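As a plain string of letters, each chain reads:
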Amino acid sequence: MLEFSELASDLETMRSNLVGINERLQQEINDHQAAQAQRGVLEDQLRHSQRLESIGTFAGGVAHEVNNILLPMIIFTDIVLEDLPQDSPVRDYVQRIRRLANRAQGLSEQILTFSHEGAERELELAEIGPVVEEALTLVRALVPATIDIRTKIDGDCGKVMCNTTQLQQLVVNLCSNAYKAVAKGGNYIGVDLDAFQADQEFTSEHPQLNPGNYVRLSVSDDGIGMDTPIKERIFEPFFTGGRIGEGTGLGLAVVHGIATEHGGEIVVDSEPGVGSILHIYFPVAKTRIMS
Amino acid sequence: MVRIIIIDDEQDVRDALQEVLKRAGFEADAAASGNEGLELLRKSPSDLVITDIIMPGKDGVKIISDIRAEFPETRIIAISGGGNVAPLAYEPNAIKTEAYLASASVAGADVTLTKPFDGKELVQAVQDLANDNQAD
C-alpha cells in the first residue's frame, strides 16, 4: 500500500515537472516565433530600403547626365531668343523649348530630392504646426471644395530640425496623393499632427523606429486604398500603380526623399476600398528633451 | 578685358559657356581636359578658370589644386551636374557631386555652380569675381 502511495506521489511529481517543462518549451517556441516574425519585418524593411537606395542611385546618375545635356540646351535657347526678332513666326516654338527645358530641370531636381542629392538645404529648429497650416492653405486651393479636409494640429507637439520649404512640399504632395485616391471614391482627407512617444512595444512592431519622442504627421483618406503589392512600391519614382494620366509618379518619391533627409520614418497603412493613412515620424529635436 | 578659360570634356557645354561669356564682353577660351587647360593657362595667363569637376584624365579637384599652386591669383569657378557622378554613376558607392563640389571648395574654388544654370547666373558669378579682383 505504502509502495503504491509512493509511486503515485512520484508520478505526480513527474507530471508537474513535465507540465513545467512543457510550459517553458511553449514559451521558448513563442519567443522564437516572435523573434522570427520581427526578423522577417526587419529583413523586409532592409530589402525595401536597399531597393529604394539602388533606385535612388540610378535615378541620381540619370539626373546628372540630364543636367549636363540641359545646360547647353538652356543657354543656346536663351541665345536664340535674344537674337530672334520679336515678330518671328518661330519665336513661340523657341519659347516652348525653353519652357520644356525648365520642366525637365524641375523633374531632375525632384529626382535628386528623392535620391537625397539635391542642393544642400539648411535645417533649422522649428515648430512643424505653422508649416503644416501654411501648406494646408495651398492644399485647400488645389482640392475641390466637395472634398472635406479635416485637420487636427497640436500646436505644442515639439520642435524638429527641418527645412520649412521642403516640409510644405511634403504636406502638399501627401495631400495631392490622398486627393487622387479620394477622387475615385471617397469624401475626405485628414491631416493630423501630434506628439508621439514610441515605446518598446511600438518599435518591436515598427523596427525602423527607435524608442523615443516624435512629431507624427498623419495624412489619411477614405479613398480607394491600396493592396500590398502597390503599397510596397509607392515610394519608387515614376511608379503610378499602373494608373495612367496621374502625374509623373514622383510625388511620393519626393515625400520619401524629404522625410529621410529629416531623419523621419514613414509607416503606411492601407486597405483596398477602405482608405489609407500615411504616418511620418519626425524625431523631436534633442534640445527639447534637454529643456 | 577679363580673360577666362573654360575646361569641360563636353563640346556642347564648352561652346555654350564660351558663347554666353563672349556676348557678355569677356574673352573666353576653351579646353577639353585639365592638362589642356593648364597648358593654355601657361601660354596666356587668365583671370578666371571655369572647370567641370568630373572629366576623364585629370579630375576637376586636381586641376583646381594645380592651378592654385601655379597661379594663385587666378579665380576659379567649379561646375557639376548634381546626382552621382560618371563613370561610377550607377554604382552603389558612386561619389555624390555634392561631395565633389565640397572638395572643389576645399581645393580652392572661389565659387561652385550646379548644372544646369542659365547664362545670367554664370555671367553674374563671373562679374562678381571680376569685381572682387578689382577691389583687391
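Overview of the structure. (Residues numbered from 1 in each chain as written. Chains lettered and ligands numbered in written order. Predicted model: local features only at pLDDT ≥ 70, side-chain atom pairs only at ≥ 80, totals over all residues.)

## A look at helix α3 (residues 128-142) of chain A
One turn of an α-helix holds 3.6 residues; hence residues three or four places apart share an orientation.
Residues and elements named next belong to chain A.
And then number 1: Here α3 is 15 residues long and its end C-alpha atoms lie 21 Å apart, about the 21 Å a rise of 1.5 Å per residue gives.
And then number 2: Taken residue by residue, α3 has I128, V131, V132, A135, L136 and V139 as its buried positions. Seen along its axis, α3 keeps its buried residues to an arc of 140°; they face one direction. Exposed residues on α3 whose side chains face more than 90 degrees from its buried face are P130, T137 and A141. (Helix = DSSP H or I, 4+ residues; strand = E, 2+ residues; numbered from the N terminus. Expected span 1.5 Å × (residues − 1). Buried ≥ 20, exposed ≤ 12 C-beta atoms within 10 Å, placed from the backbone. Arc of directions from axis to C-beta.)

## What to know about the sheet that holds strand β4 (residues 188-198) of chain A
Residue and element names in this part refer to chain A.
And then number 1: Within the open sheet, the 5 strands sit side by side as β2-β4-β5-β7-β6. Their pairing is mixed. Strands with a single pairing partner mark the edges of an open sheet, and in this sheet they are β2 (148-153) and β6 (265-271). Direction aside, the axes of adjacent strands within the sheet are offset by 15° on average.
And then number 2: Both β6 and strand β7 (residues 275-283) contribute to a ladder of 7 bridges, which runs antiparallel. Note that in β7 the partner of E265 across the bridge is Y281. (Pairing = 2+ DSSP bridges. Axes fitted to C-alpha atoms, helices over the stretch in contact; angles between N-to-C directions.)

## Some thoughts on the packing of helix α2 (residues 91-114) of chain A against helix α7 (residues 251-261) of chain A
Residue and element names in this part refer to chain A.
And then number 1: Packing of α2 against α7 brings their axes to within 7 Å, and their N-to-C directions diverge by 45°. Comparing the axis directions of α2 and α7 gives the class oblique. In this structure, α2 uses Q110, T113 and F114 to contact α7, whose residues at the interface are A253, V254, H256, G257 and I258.
And then number 2: Counted by class, the contact of α2 with α7 contains 4 nonpolar, 4 polar and no charged residues. (Parallel < 35°, antiparallel > 145°, perpendicular 65-115°, else oblique. Contact = placed C-beta atoms within 7 Å. Nonpolar A, V, L, I, M, F, W, Y, C, P; charged D, E, K, R; others polar.)

## Concerning the sheet that holds strand β3 (residues 48-52) of chain B
All names here are of chain B.
And then number 1: One open sheet holds the 5 strands; their spatial order is β2-β1-β3-β4-β5, and the pairing between them is parallel. Looking at which strands have only one partner, the edges of the open sheet turn out to be β2 (27-31) and β5 (111-114). Sheet twist, expressed as the average angle between the axes of neighbouring strands with direction ignored, equals 20°.
And then number 2: As defined by bridge partners, strand β1 (residues 3-7) adjoins β3 across 4 bridges and the pair is classed as parallel. Paired with I4 across the strands is L48, a residue of β3.
And then number 3: Contacts from helix α3 (residues 60-70) reach β1, β3 and β4 (75-80) within the one sheet, and its direction differs from that of β3 by about 160°.
And then number 4: Contacting β1, β3, β4 and β5, helix α5 (residues 119-135) runs over the sheet at an angle of about 180° to β5.

## A look at the pairing of β3(B)
For a regular strand, side chains alternate in direction, first toward one face of the sheet and then toward the other.
All names here are of chain B.
And then number 1: Counted residue by residue, β3 has 5 buried out of 5 residues, so it is predominantly covered.
And then number 2: Direction of pairing for β3 relative to β4: parallel, over a ladder of 5 bridges. Looking at the pairing, D52 lines up with I79 of β4.
And then number 3: Between the parallel elements β3 and β4, the chain passes through α3 in a crossover that is right-handed. (Right-handed = clockwise from strand over helix to strand, strands pointing away.)

## Details of the nonpolar core
All names here are of chain A.
And then number 1: Ranked by internal contacts, the top residues of the largest apolar core, which has 85 residues, are I128, V132 and V215.
And then number 2: With 10 residues, the single largest contributor to this core is helix α1 (residues 2-83).
And then number 3: In terms of domain composition, this core takes at least three residues from each of domain 1 (1-120) and domain 2 (124-290).
And then number 4: If we ignore the near neighbours within four places in the chain, the residues touching I128 are V160, C162, L167, L193, V215, L217 and F282. (Core = buried A, V, L, I, M, F, W, Y, C linked by C-beta atoms within 7 Å. Domains from an automatic or database assignment.)

Structural measurements only, silent on function.
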